[in-house]
Amino acid sequence: MQLSGRNQLKGKITSVDLGAVMANIKIEVSEPNVITAVITKESAEKLELAEGDDVTAIIKSTEVIIGK
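All values derive from a computational prediction rather than experimental measurement.

Caption draft 1: Quick peek at a nonpolar patch on the surface. Taken together, the side chains of Leu9, Ile13, Val16, Leu18, Ile27, Val29, Ile35, Ile59, Val64 and Ile66 present a nonpolar region at the surface, about 930 Å² in accessible area. Contributing elements (two or more residues each) for the nonpolar patch: β1 (10-18) and β2 (23-31). It is β1 that contributes the most residues to the nonpolar patch, three residues altogether. Relative to the helices and strands, Ile13 resides in strand β1.

If you want it as structure tokens, here you go:
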């Protein structure tokens, strides 16, 4: 399946909790081992990002779409 969204993480469903209207799907992610973030130069300089720094990657999105 090809999608334009680049924030795609492959995984395996570990739990399916079906409610009256919504379903809560838990996905264990193992790939990719590297996430690439594209941020502004200003942000990188403000955070003083350097090789070897410990950081947290936060994927911002209004929704998560599951493809099978």
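Here the narrative resumes.
Caption draft 2: A look at the pattern of salt bridges. Tallied over the entire structure, the rule returns one salt bridge. Here Lys41 makes a salt bridge to Glu45, at a shortest N to O gap of 3.9 Å. Taken together, the positions of Lys41 and Glu45, both in helix α1 (residues 41-46) and four residues apart, correspond to about one turn of that helix. You can call Lys41 exposed: its relative accessible area is 65%.

Caption draft 3: Just unusual backbone geometry, in detail. Positioned with a positive phi, Glu48 is a non-glycine residue whose angle comes to about 50°. Summarising the element assignment, Glu48 is placed in the segment after α1.

Caption draft 4: Spotlight on the environment of Ala44. By secondary structure assignment, the location of Ala44 is in helix α1. A relative accessible area of 26% places Ala44 in the partly exposed class. Setting aside its immediate chain neighbours within four residues, Ala44 contacts Ile39 and Leu49.

The rules behind these values
- Residues numbered from 1 in each chain as written.
- Predicted model: local features only at pLDDT ≥ 70, side-chain atom pairs only at ≥ 80, totals over all residues.
- Heavy atoms only, no water.
- Patch = residues over 30% accessible without salt bridge, like charges linked within 9 Å, V, L, I, M, F, W, Y side chains within 5 Å.
- Areas by Shrake-Rupley, 256 points an atom, 1.4 Å probe, with all protein chains shown as cover.
- Salt bridge = Lys/Arg side-chain N within 4 Å of Asp/Glu carboxyl O.
- Helix = DSSP H or I, 4+ residues; strand = E, 2+ residues; numbered from the N terminus.
- Buried < 20%, exposed > 50% of the residue type's maximum accessible area, 1.4 Å probe, protein only.
- Contact = heavy atoms within 4.5 Å.

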